[in-house]
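Descriptive analysis of the structure
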Amino acid sequence: MGPSLATVTVTWPDCLDHIRWVTLGSEGWRAEAGGTYGATAKPVQGGMPAHRDTLTPEQIAAVAVFERITYGGAAEAETLAACGVPTG
Ligand code: HEM
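Residues numbered from 1 in each chain as written. Predicted model: local features only at pLDDT ≥ 70, side-chain atom pairs only at ≥ 80, totals over all residues. Heavy atoms only, no water.

If you trace the backbone, Arg68 turns up in helix H3 (residues 57-71). The charged side chain of Arg68 is buried without a salt bridge, its nearest counter-charge being Asp14 at 6.5 Å. A polar contact is formed between the side chain of Arg68 and the backbone oxygen of Trp12, at a distance of 2.9 Å. With near-sequence residues (within four places) excluded, Arg68 lies in contact with Val8, Thr9, Trp12, Pro13, Asp14, Cys15, His18, Gly73, Ala74, Thr79 and Cys83. (Helix = DSSP H or I, 4+ residues; strand = E, 2+ residues; numbered from the N terminus. Buried < 20%, exposed > 50% of the residue type's maximum accessible area, 1.4 Å probe, protein only. Lys, Arg positive; Asp, Glu negative; His and termini not counted. Salt bridge = Lys/Arg side-chain N within 4 Å of Asp/Glu carboxyl O. Polar contact = N/O pair within 3.5 Å; in protein donor to acceptor, adjacent residues only side chain to side chain. Contact = heavy atoms within 4.5 Å.)

Here you go:
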């Protein structure tokens, strides 16, 4: 449950901010970053769980890459680099 991810790279032009959002979730973001999120300043409405206790930083970066490429249509090589994921 959540907003469409088709515009995920519009909301989060910088992958590191996207990673921070997934790490903190709605309530963590509200506490640390304020009442709006993303480049489009969406009001935090709640419901996005934090993932810092359930996923490693590497796993969170990997799901951000997945969302950006699969739903956002972003280019693979640039996305891996922007999200800090090594290509091996
Ligand atoms: C690792 C898993 C997840 C990732 C990577 C992820 C990613 C995101 C992203 C990128 C957004 C912002 C989208 C936008 O506004 O353009 C978002 C928002 C949201 N997500 Fe997730 N999400 C995850 C898991 C979940 C789960 C499990 C739920 C619900 C059970 C959820 C519910 C929501 C809700 C309700 C919002 C809007 C929050 C608000 O307005 O405060 N997400 N998520």
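Another point: the pattern of salt bridges. Taken as a whole and judged by the stated rule, the model has 3 salt bridges. Close ionic contact of Arg20 with Glu32 constitutes a salt bridge, the shortest N to O distance being 3.8 Å. Using a relative accessible area of 36% as the deciding quantity, one classes Arg20 as partly exposed. Judged by relative accessible area, Glu32 falls into the partly exposed class, the value being 49%. Of the charged contacts in the structure, one is a salt bridge between Glu27 and Arg30, with a shortest N-O distance of 2.8 Å. A residue pair is termed a helical-turn pair when its members lie 3 or 4 positions apart in one helix, as Glu27 and Arg30 do in helix H2 (residues 15-32) at 3 residues. Residue Glu27 is classed as partly exposed on the basis of its relative accessible area, which comes to 47%. Connected via shared salt-bridge partners are Arg20, Glu32 and Arg52.

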